Amino acid sequence: MPRYQIRDTATGQLLALGLADYAAAEAALDRLDDELEQQLWRNGEGARRIRLRLDIEELTATGTPQAVGHHVLLLGTEDQADEFPLL
């Protein structure tokens, strides 16, 4: 049975491990988005927009990660008109 993980594309940092399926990876992305928004708010950081590209990786039978999807999270947008196109 495949396992999934989430990795920050820019830094290579693993953000979530051992996810049972793709749906669990998408739910983890939602939680990460919420947590990051809350951290920015608690820290009083006024960044107008932070853009993160996160890869969903499937671990193959040999344990090698293979990207099977990606998401772009836009944090701190506050309902402003998009200045950057979504990927």
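Quick note: structure is the one above.
Calculation notes
- Residues numbered from 1 in each chain as written.
- Predicted model: local features only at pLDDT ≥ 70, side-chain atom pairs only at ≥ 80, totals over all residues.
- Heavy atoms only, no water.
- Phe/Tyr/Trp six-rings, centres within 6.5 Å; stacked < 30°, edge-to-face > 60°.
- Helix = DSSP H or I, 4+ residues; strand = E, 2+ residues; numbered from the N terminus.
- Patch = residues over 30% accessible without salt bridge, like charges linked within 9 Å, V, L, I, M, F, W, Y side chains within 5 Å.
- Areas by Shrake-Rupley, 256 points an atom, 1.4 Å probe, with all protein chains shown as cover.
- Salt bridge = Lys/Arg side-chain N within 4 Å of Asp/Glu carboxyl O.
- Lys, Arg positive; Asp, Glu negative; His and termini not counted.
- Charge placed at Lys NZ, Arg CZ, Asp CG, Glu CD.
- Buried < 20%, exposed > 50% of the residue type's maximum accessible area, 1.4 Å probe, protein only.

(A) Broad picture of the packing of aromatic side chains. Summed over the entire model, instances satisfying the criterion amount to 1 aromatic pair. Taken together, a centroid distance of 6.2 Å and an interplanar angle of 90° make the contact between Tyr4 and Tyr22 edge-to-face. One end of the pair, Tyr4, is in strand S1 (residues 3-8); the other, Tyr22, is in helix H1 (residues 22-42), with 18 residues separating them in the sequence.

(B) A negative patch on the surface, seen in detail. On the surface, Glu26, Asp30, Asp34 and Glu35 cluster together into a negatively charged patch. You can see Glu26 is positioned in helix H1.

(C) Spatial organisation of the pattern of salt bridges. The final tally for this structure, using the stated rule, is 2 salt bridges. The salt bridge partner of Glu57 is Arg7, with a shortest N-O separation of 2.9 Å. Of this pair, Glu57 sits in strand S3 (residues 50-59) while Arg7 sits in strand S1; the two residues are 50 residues apart in sequence, bridging distant segments of the chain. Grouping residues by exposure puts Glu57 and Arg7 together as buried. Between Asp55 and Arg53 there is a salt bridge, and its shortest N-O distance comes to 3.9 Å. Residue class for Arg53 comes out partly exposed when judged on its relative accessible area of 34%.

Nothing here speaks to function; it is geometry throughout.
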